[in-house]
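Analysis of the macromolecular model
So the chains spell out like this:
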Amino acid sequence: MGKKVLLAFAGIIFLFALAGCGSKSQEEVLKALDEKLEEMTSYQAEAKMTFRTGAKPQVYHVEVWHKQPAYYRVSLKNADKGQSQMILRNDEGVFVFTPALNKSFKFVSDWPKNSSQAYLYESLVKDILSDSKAKFKATKDYYVFETKTNYPNSQVVPTQEITLRKKDLAPVSVKVMDTDRKALLTVEFSNVEFNKTFDDDAFDTSKNMTGARLEVPTMAEGSGQVMAVMYPSRLPQGVQALEEKEIKNENGTRVIMTFGGQKSFTLVQEKAEVLPATSTPVLINGDPVDLGFTVGALTDRTLTWSYNGVEFTLASDDLTPEEMIMVASSVQEKAAK
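First, a word on scope: everything that follows refers to the structure included in this document.

Procedures and definitions
- Residues numbered from 1 in each chain as written.
- Predicted model: local features only at pLDDT ≥ 70, side-chain atom pairs only at ≥ 80, totals over all residues.
- Heavy atoms only, no water.
- Helix = DSSP H or I, 4+ residues; strand = E, 2+ residues; numbered from the N terminus.
- Buried < 20%, exposed > 50% of the residue type's maximum accessible area, 1.4 Å probe, protein only.
- Areas by Shrake-Rupley, 256 points an atom, 1.4 Å probe, with all protein chains shown as cover.
- Pairing = 2+ DSSP bridges.
- Contact = heavy atoms within 4.5 Å.
- Polar contact = N/O pair within 3.5 Å; in protein donor to acceptor, adjacent residues only side chain to side chain.
- Axes fitted to C-alpha atoms, helices over the stretch in contact; angles between N-to-C directions.
- Arc of directions from axis to C-beta.

Section: the overall build of the protein
Looking only at helices and strands, the protein features 5 helices and 21 strands. Looking at the 337 residues of the protein, the share that counts as buried comes to 48%. Counting every atom, the protein has about 17,700 Å² of accessible surface; 52% of that belongs to carbon and sulfur.

Things to note about the pairing of strand β14 (residues 252-261)
Strand direction decides the pairing type here: strand β13 (residues 239-249) and β14, joined by 10 bridges, are antiparallel. Pairing of A241 across the sheet is with F259, part of β14. Connecting β13 to the next strand, β14, in antiparallel fashion are 2 residues. Pairing analysis gives 6 bridges linking β14 to strand β15 (residues 265-271), with the strands arranged antiparallel. Bridge assignment links V255 to a residue of β15, and that residue is Q269.

A look at the environment of G238
Tracing the backbone shows G238 in the loop between β12 (230-232) and β13. On the basis of relative accessibility, which here comes to 32%, the residue G238 falls in the partly exposed class. Distance in space between the C-alpha atoms of G238 and G261 is 5.7 Å, their sequence separation being 23 residues. Setting aside residues no more than four positions away along its own chain, G238 makes contact with G260, G261 and Q262.

Considering the side chain of Q58
Following the sequence through the fold, Q58 ends up in strand β2 (residues 58-67). Given the relative accessible area of 8%, Q58 is considered buried. Polar contacts involving the side chain of Q58 include one to the side chain of N78, which spans 3.1 Å.

Focus: the sheet that holds β14
Strand order in this open sheet of 7 strands is β13-β14-β15-β20-β19-β18-β17, and the pairing throughout is antiparallel. Each edge of the sheet is formed by a strand with only one pairing partner; in this case those strands are β13 and β17 (287-290). Here the strands of the sheet are splayed against their neighbours by 20° on average, with no regard to which way each runs. Lying on the sheet, helix α5 (residues 321-329) is in contact with β15, β17, β18 (295-298), β19 (302-307) and β20 (310-315); it crosses β19 at an angle near 20°.

A closer look at helix α4 (residues 205-215)
Along α4, the residues classified as buried are T205, N208, M209 and A212. End-on, the buried residues of α4 take up no more than an arc of 95°, which puts them together on one face. Buried residues along α4 sit in contact with β3 (71-78), β4 (83-90), β5 (93-98) and β6 (103-107). You can read the cap of α4 off the contacts: a side-chain oxygen lies 3.3 Å from the backbone nitrogen of S206, and it is on D204.

Let's talk about α5
Of all 9 residues that make up α5, 7 are buried, and the element is covered over most of its length. Along α5, the residues classified as buried are E323, M324, I325, M326, V327, A328 and S329.

Notes on the environment of N195
Summarising the element assignment, N195 is placed in the loop between β11 (183-194) and α4. The exposure class of N195 is partly exposed, given its relative accessible area of 44%. In this structure, the C-alpha to C-alpha distance between N195 and E39, residues 156 residues apart in sequence, is 9.0 Å. Contact partners of N195, with chain neighbours within four places excluded, come to E39, M40, T41, S42 and Y43. A polar side-chain atom of N195 sits 2.9 Å from the main-chain amide nitrogen of T41.

Describing the sheet that holds strand β1 (residues 42-51)
One open sheet holds the 12 strands; their spatial order is β7-β8-β9-β10-β11-β1-β2-β3-β4-β5-β6-β16, and the pairing between them is mixed. Every interior strand has two partners, whereas the edge strands, β7 (135-138) and β16 (282-284), have only one. Averaged over all neighbouring strand pairs, the angle between strand axes comes to 15°, with direction disregarded. With 7 bridges joining them, β2 and β3 adopt antiparallel strand pairing. Paired with E63 across the bridge in β3 is S75.

Now the structure itself:
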């Protein structure tokens, strides 16, 4: 009888051992991810990106093209707001193009190496590999990592949960969470194709800018739409609103807000100007920054961005880049005076 019991226990242990054969250890998955990056020559990905910092979620369709070593084409579209932007990196530099305004910037920048991007696969993998304290779990179909973030505003969103598909290590979803573990940014991948073959001119500047203009109609001049004044919902500690002035100009109204206290800054907003289609890119010695609902241009003392037909400029001698991004990313909601 005792022998039968021992055999039964041995059988159960054997079944558990078989069940565990399908899952790799954290160290094995990390090694496989490292090898994946080494072997990968290119990829194309599509995703839905949802930004939850205002009263209403902002949803964007994201399409990413990447070819080693450093070619990128990222298209961001919000159907509700008519927002559309493209980030392009090629041998000429880094460009951000807003087709509705015929506006383009050329950056002296190492983007995307200077910070993480939730929609770039290699950025997510590097975040996983670089966090020695990353949490790991394996489910039936997925590997799930929880890591620290490497965003400019990482104090606001310090943690991210990255889910990868077991069979090919493709990204499934990303949740970027605040200190209360609320997901302020989520990315849900719908399609990922590794080692895709792109046309020789797929990352050409002129071709992509022309194509973006054809996809998105240029905003009409003098549409008569009243500019809705926007206010930041997050301010650095010890900073408060001091004054708001409205100045009439040829484009309508320019609103100038000043903030002060422990630190000071100015926020200017006015109706965005639509440039001629032949306009050359504006050169900026700075970096493109993802504010979630739009891509802005960050220099040492200013952060500029366009949103829903309005041009914003945040200027400060006191705020850190992280604080500027925190404030700018919260300027979404119309507030009563």
